[in-house]
Amino acid sequence: MSAIAVVRNAQDLLDEAGLHGAFLVRNLDTGEEIGFDADTPYPAASLVKVPLAVAVEERIARGELDPATPVDVPPGRIITPGPTGLSRFRHPARIAVEDLLYLSTCISDGVAADALFDLTPPAAVAAELRRLRIDGIAVRHRVGDLADTPAERLGPDDVHLAHSLAIGAVTPGHGHPVAQLDVTRANSGSARAFVDLLQALWRPSAIKETAAARVRALMGDNLHRQRLAPDFTSDASRWSSKTGTLLHLRHEVGVVDHADGQSYAVAALTASRVPAVAQPGGEAAMAQVARCLHDHLRTGALPWWS
């Protein structure tokens, strides 16, 4: 089956699951890639915690930050479903910078991320990406600045209304009345930009190797394994990734390292047209699409539906 046919079938599968999106898979050694809509920007949601981790680790490597420095963090006191870690704490805590990196990257703790943003503000993270020559990812806000969505002001039985607003109000130019979903105002990036970032982390680049190794390890310890991980984790491969979820958006970017030495970066950025919080079928479809693109690139294998 040709790459064009594989992509067309992948898009059909995504559409059947109620999703549209941008996917890109790249062989990190040869540069070969396959995907679709890879240059379309999407709101980054929690994917922004990867460039944040890179910027903080670069500052640690330069001696500007001490990873053992304790930081006093106020409790998040969030009671709505979804947020993790310090976001749900009820009392203040004192946590070292290095441990905040773990909480922010591995369990996607928004309060921990904002404690790191207090040390390295969004403008400084954006400047770090420019210095490292990583283009296409806009870092404009702390996580908390864009976490107050309509869903937080509705009861559990009415959250679907926030999803309906998110789905129905998008403009043709990817604008949105909800600031968190407007790519011109939110933290944002394309599938290609995130794959470029993964390339810089997994292969020699301007990122210091000590910083890159630490971010790779953090992504390898990601606790959110429900999305692409089931299709990429095995005894002969290691899946390292970061997820991002915001209203109808479901993303994941990561790298699968195979035992034979080959590595593939994967970016899956999606938006659902189904106004529901839990969409396991959509997440399974994301994984199937990503895996079929990966398999075609790696072995020329036909997708399971052929």
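For the protein chain, an unreviewed UniProt entry supplies the name Beta-lactamase class A and the organism Micromonospora echinofusca.

Draft legend 1. Region of interest: the sheet that holds strand E10 (residues 263-272). Read across the sheet, 5 strands follow the order E2-E1-E10-E9-E8 without closing on themselves; strand pairing throughout is antiparallel. Taken across any chain shown, the strands that pair with only one partner, and hence form the sheet edges, are strand E2 (33-36) and strand E8 (237-246). Strand-to-strand twist in this sheet, taken as the mean axis angle between neighbours without regard to direction, amounts to 10°. Pairing analysis gives 9 bridges linking strand E1 (residues 19-27) to E10, with the strands arranged antiparallel.

Draft legend 2. Broad picture of the pattern of salt bridges. The tally for this structure, following the rule as stated, stands at 22 salt bridges. In this structure, Arg142 engages Asp114 in a salt bridge whose closest nitrogen and oxygen atoms are separated by 3.8 Å. Of this pair, Arg142 sits in the loop between strand E6 (137-138) and helix H6 (159-168) while Asp114 is found in helix H4 (residues 110-119), placing the two residues 28 residues apart along the sequence. Residue classification places Arg142 among the partly exposed positions, given a relative accessible area of 26%. Classification of Asp114 as buried rests on a relative accessible area of 8%. Where Arg131 meets Glu128, a salt bridge forms, and the shortest distance between an N and an O atom there is 2.6 Å. With a gap of 3 residues between them, Arg131 and Glu128 both fall in helix H5 (residues 122-131), about one helical turn apart. Judged by its relative accessible area of 38%, Arg131 falls in the partly exposed class. Given the relative accessible area of 9%, Glu128 is considered buried.

Draft legend 3. The arrangement of the packing of helix H1 (residues 3-16) against helix H10 (residues 280-299) in detail. Where H1 contacts H10, the two axes come as close as 9 Å, and the packing angle between them is 175°. In terms of orientation, H1 and H10 fall into the roughly antiparallel class. Mapping the contact onto sequence places Ala3, Val6, Val7, Ala10, Leu13 and Leu14 in H1 and Ala285, Gln288, Val289, Cys292, Leu293 and His296 in H10. Residue classes in the contact of H1 with H10 are distributed as 10 nonpolar, 2 polar and no charged.

The rules behind each value
Residues numbered from 1 in each chain as written. Predicted model: local features only at pLDDT ≥ 70, side-chain atom pairs only at ≥ 80, totals over all residues. Heavy atoms only, no water. Pairing = 2+ DSSP bridges. Helix = DSSP H or I, 4+ residues; strand = E, 2+ residues; numbered from the N terminus. Axes fitted to C-alpha atoms, helices over the stretch in contact; angles between N-to-C directions. Salt bridge = Lys/Arg side-chain N within 4 Å of Asp/Glu carboxyl O. Buried < 20%, exposed > 50% of the residue type's maximum accessible area, 1.4 Å probe, protein only. Parallel < 35°, antiparallel > 145°, perpendicular 65-115°, else oblique. Contact = heavy atoms within 4.5 Å. Nonpolar A, V, L, I, M, F, W, Y, C, P; charged D, E, K, R; others polar.

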